[in-house]
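So you can see what is in the structure, the chains are spelled out below.
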Amino acid sequence: MVVTDTESTHLGEITCGTLLQKLQEIWDEVGESDEERDKLLLQIEQECLHVYKRKVEQAAKSRAELLQTLSDANAELSSLTTSLGDKSLVNDIPDKSSGTIKEQLAAIAPALEQLWQQKDERVREFSDVQSQIQKICGEIAGGLSSEVPIVDESDLSLKKLDDFNSQLQELQKEKSDRLQKVLELVSSVHDLCAVLGLDFLSTVKEVHPSLDEETSVQAKSISNETLSRLAKTVLTLKDDKKQRLQKLQELATQLIDLWNLMDTPDEERELFDHVTCNISASVDEVTTTGALAHDLIKQAEVEVDRLDQLKASRMKEIAFKKQTELEEIYARAHVETNPESARERIMSLIDSGNVEPTELLADMDGQIAKANEEAFSRKDILDRVEKWMSACEEESWLEDYNRDQNRYSASRGAHLNLKRAEKARVLVSKIPAMVETLIAKTRAWEEEHNMSFAYDGVPLLAMLDEYGMLRQEREDEKRRLREQKKVQEQPHVEQDTAFSTRPSPARPVSAKKLVGARSNNGGSNGTPNRRLSLNANQNGSRSVAKEGGRRESLNRPAAPTNYVAISKEEAASSPPVSGAVDQVPASP
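Quick notes on the rules
Residue positions are given per chain, counting from 1 as you read along its sequence in written order. In keeping with the predicted nature of the model, local features appear solely for residues at pLDDT of at least 70, side-chain atom pairs appear and are counted solely at 80 or more, and the whole-chain, interface and lining totals rest on all residues. Processing note: side-chain calculations cover all non-hydrogen atoms of the structure and skip hydrogens and water entirely. UniProt positions are given in the numbering used here, feature names are shortened, and annotations may be inferred rather than shown by experiment. Secondary structure elements are taken from DSSP: a helix is a run of H or I of four residues or more, a strand is a run of E of two residues or more, and numbering for both begins at the N terminus. Each residue is assigned to one of three classes by its accessible area relative to the maximum for its type, calculated with a 1.4 Å probe on protein chains only: buried under 20%, partly exposed between the two thresholds, exposed over 50%. Throughout, the Shrake-Rupley method with a 1.4 Å probe supplies accessible areas, and for residues the shown protein chains are the sole cover considered. What makes a salt bridge here is a side-chain nitrogen of Lys or Arg within 4 Å of a carboxyl oxygen of Asp or Glu, nothing more. Classification of ring pairs uses Phe, Tyr and Trp, with its six-membered ring standing for Trp, and accepts pairs whose centres are within 6.5 Å; under 30 degrees between planes counts as stacked, over 60 as edge-to-face, and the remaining range as tilted. Patch rule: a residue counts if its relative accessible area is over 30% and it has no salt bridge; like charges are joined within 9 Å, and nonpolar side chains (Val, Leu, Ile, Met, Phe, Trp, Tyr) within 5 Å. Asp and Glu are treated as the negative residues and Lys and Arg as the positive ones, with His and the ends of the chain left uncounted. Working definition for charges: the position is that of NZ of Lys, CZ of Arg, CG of Asp or CD of Glu. We call two residues contacting when some pair of their heavy atoms lies within 4.5 Å. Here the axes come from fitting lines to C-alpha atoms, over the contacting stretch only for helices, and the angles between their N-to-C directions go from 0 to 180 degrees. For classification, angles of less than 35 degrees are called roughly parallel, those exceeding 145 degrees roughly antiparallel, those between 65 and 115 degrees roughly perpendicular, and all remaining angles oblique. A clockwise turn of the near helix away from the far one marks a right-handed crossing, whereas an anticlockwise turn of less than a right angle marks a left-handed crossing. Three classes are used, and their members are as follows: Ala, Val, Leu, Ile, Met, Phe, Trp, Tyr, Cys and Pro are nonpolar, Asp, Glu, Lys and Arg are charged, and the others, Gly among them, are polar.

- The name an unreviewed UniProt entry assigns to the protein chain is 65-kDa microtubule-associated protein 1, from the organism Brassica campestris.
- We quote the UniProt Sequence similarities (unreviewed entry) comment for the protein chain here in full: "Belongs to the MAP65/ASE1 family."

Below is the structure:
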């Protein structure tokens with residue numbers, strides 16, 4: 001037990017020497033031979049060498065691994081700095097190239113860890129930017145990609161990141177512009193659908209489902225296809241709007257024409273104010289909701305059809321109304337017409353059904369337009385004829401006034417007649433110039449229109465010619481009576497003529513009476529219906545005037561003593577008329 005305790009005590013301090021000594025003691029005690037001992041000692045030595053060799057190999061391997069780790073760390077450090085494009089971090093690493101391998105690894109590890117963190121952050125930034133770029137490109141292309149963008153980790157420099165950010169900003173701006181364009185087109189579609197009475201939601205959903213009002217603005221499609229289809233939809237709706245407006249304006253024009261034809265009351269017209277209010281509007285001016293809806297156009301078409309049917313049933317009334325208008329135009333222009341035959345022709349055309357009502361009315365409208373043109377061309381001459389006839393009436397009144405023995409008396413209204421007589425003498429003095437101007441105007445008109453100018457069926461030049469001859473005959477009759485008076489007032493003939501009446505020259509012929517005398521029974525518009533026979537009237541009027549003058553001079557008593565002086569005053573107040581005008585062929 002003592003030995004065991006001693007051994008236990010020695011075991012706490014085991015070394016190679018103590019173990020060899022203990023082995024010697026055991027061998028001595030056992031009695032091992034020297035050969036056996038040498039053999040065992042050689043075996044122990046080989047085993048020790050083997051252990052040392054294995055340990056050395058392990059140490060060498062560990063050193064090689066550390067060197068590889070150091071090399072890898074240096075390569076990773078270089079790769080990260082190159083990838084990140086920031087070499088300033090390398091300069092911040094302390095130089096430990098002279099130290100042990102572990103010291104060098106310890107010096108590189110913090111910088112490497114920092115670069116790895118920076119790389120991870122940079123990769124996330126690149127991934128985020130590229131994801132946004134990929135998303136916007138997909139929206140523009142019209143398809144969304146679910147693939148995660150691959151980040152090129154060989155170049156994570158800030159310059160490249162800035163390039164991606166610039167590209168992203170351009171795409172975002174393009175997206176904003178496209179989105180604004182989409183909203184404008186959608187707004188145009190909305191306005192057009194409102195005017196045309198179409199369903200807006202179904203229209204835009206046919207273009208793309210995301211264009212409805214429920215989808216957020218940022219989620220709306222901005223693809224090239226969507227923009228193209230929206231633009232085509234707007235153009236289609238605008239073309240439809242233009243065609244509908246043209247159709248509605250045509251219907252409105254037809255409605256107004258039919259209303260005017262049939263004298264439709266304002267109450268019925270007001271029912272279609274929503275149709276006629278856009279009769280002269282441009283396409284852009286029509287913005288009222290439902291102004292060009294199909295129902296409204298259909299309503300207008302139905303009303304036009306109804307009025308067309310009503311117009312057909314009232315065609316005779318309308319045609320006779322236009323015929324009356326035509327007759328009134330010709331009557332105001334003093335053009336002779338045959339209304340009975342015209343009305344009979346209208347009745348036969350309507351009853352036969354060989355002519356469309358619209359064609360008949362259009363033909364009558366053309367006749368009315370032609371009549372207005374003819375009346376306008378005759379207006380200047382007719383105004384001068386009216387002035388001439390008025391002057392002739394004043395001339396006739398002046399003759400009656402001059403024959404009145406009591407015209408200078410102080411009776412009531414005598415001063416008014418005196419003033420009128422003064423004005424009438426001035427007007428009568430202008431009659432020859434009026435006639436000459438009227439003749440020149442009439443001839444110019446007849447040369448221009450290659451036809452005779454008739455006044456209520458009588459050629460105007462013939463009227464003027466006859467008026468000139470009658471006026472000349474009247475002047476000759478006055479002259480003859482003055483000469484006869486001189487003979488009667490010779491000195492050896494003295495009679496009491498205090499209560500006798502003096503003879504007067506033949507009364508002038510009024511132009512209006514001349515027209516009435518030259519016409520037979522008047523037509524429907526009160527105009528004569530036969531041409532003036534100039535030669536016959538010339539002979540007849542001359543003979544009648546001469547015979548009447550002779551009978552008047554023979555039957556009248558002697559004139560008063562102051563008759564000659566009075567006749568001279570009257571002769572001075574009535575200038576002679578130029579000779580008879582040339583005869584012009586008259587048209588019926």
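### Here we look at the overall build of the protein chain
Stage number 1. Helix and strand counts for the protein chain stand at 20 helices and two strands.
Stage number 2. Counting across all 588 residues of the protein chain, residues that qualify as buried make up 35%.
Stage number 3. Accessible surface, the protein chain as shown: approximately 35800 Å² in total, 52% of it carbon and sulfur.

### Let's talk about the pattern of salt bridges
Stage number 1. In the structure shown here, the tally under the stated rule is 22 salt bridges.
Stage number 2. Note that aspartate 28 is salt-bridged to arginine 37, the shortest N-O span being 2.6 Å.
Stage number 3. A relative accessible area of 13% places arginine 37 in the buried class.
Stage number 4. Its salt-bridge partner being aspartate 380, residue arginine 384 comes within 3.5 Å of it at the nearest N-O pair. With arginine 384 and aspartate 380 both in helix 14 (residues 357-403) and four residues apart, this pair spans about one turn of that helix.
Stage number 5. The network of salt bridges with common partners includes Glu395, Glu399, Arg471, Arg474, Glu475 and Lys478.

### Looking at the packing of aromatic side chains
Stage number 1. Evaluation of the coordinates by the stated rule reveals five aromatic pairs.
Stage number 2. For the pair tryptophan 259 and phenylalanine 272, a centre-to-centre distance of 6.3 Å together with 50 degrees between the ring planes defines the contact as tilted. With tryptophan 259 in helix 8 (residues 224-262) and phenylalanine 272 in the loop between helix 9 (266-270) and helix 10 (273-276), the pair connects residues that are 13 residues apart, well separated along the chain.
Stage number 3. Between tryptophan 388 and tyrosine 467, the ring centres sit 5.2 Å apart and the planes meet at 85 degrees, which makes this aromatic pair edge-to-face. Placement of tryptophan 388 in helix 14 and of tyrosine 467 in helix 17 (residues 460-488) is noted, with a sequence separation of 79 residues between them.

### Description of a negative patch on the surface
Stage number 1. Together, Asp266, Glu267, Glu268, Glu270 and Asp273 give the surface a local cluster of negative charge.
Stage number 2. The element contributing the most residues to the negative patch is helix 9, with four residues.
Stage number 3. In this fold, aspartate 273 is placed in helix 10.

### Considerations on the environment of leucine 292
Stage number 1. In this fold, leucine 292 is placed in the loop between helix 10 and helix 11 (294-313).
Stage number 2. Of the residues examined, leucine 292 reaches a relative accessible area of 0% and is grouped as buried.
Stage number 3. Sequence spacing of leucine 292 and alanine 194 is 98 residues, and the spatial spacing of their C-alpha atoms is 9.0 Å.
Stage number 4. Beyond its immediate stretch of four places on either side in the chain, leucine 292 contacts Val195, Leu196, Lys241, Arg244, Leu245, Leu248, Val286 and Ile297.

### Re unusual backbone geometry
Stage number 1. With phi around 60 degrees, histidine 334 is a residue other than glycine that occupies positive phi space.
Stage number 2. One can find histidine 334 in the loop between helix 12 (315-332) and helix 13 (339-352).
Stage number 3. Located in the positive-phi region is asparagine 450, a residue other than glycine, with phi close to 55 degrees.
Stage number 4. For asparagine 450, the location among the structural elements is in the loop between helix 16 (431-449) and strand 1 (454-455).

### Here's the deal with the packing of helix 6 (residues 158-196) against helix 7 (residues 200-207)
Stage number 1. Close contact between helix 6 and helix 7 brings their axes to 9 Å; oriented N to C, the two are set at 140 degrees. Between helix 6 and helix 7, the crossing angle belongs to the class labelled oblique. Crossing hand, helix 6 versus helix 7: right-handed. For the pair formed by helix 6 and helix 7, the contact residues are Val186, Val189, His190 and Cys193 on the first element and Phe200, Thr203 and Val204 on the second.
Stage number 2. Classifying every residue of the contact of helix 6 with helix 7 gives five nonpolar, two polar and no charged.

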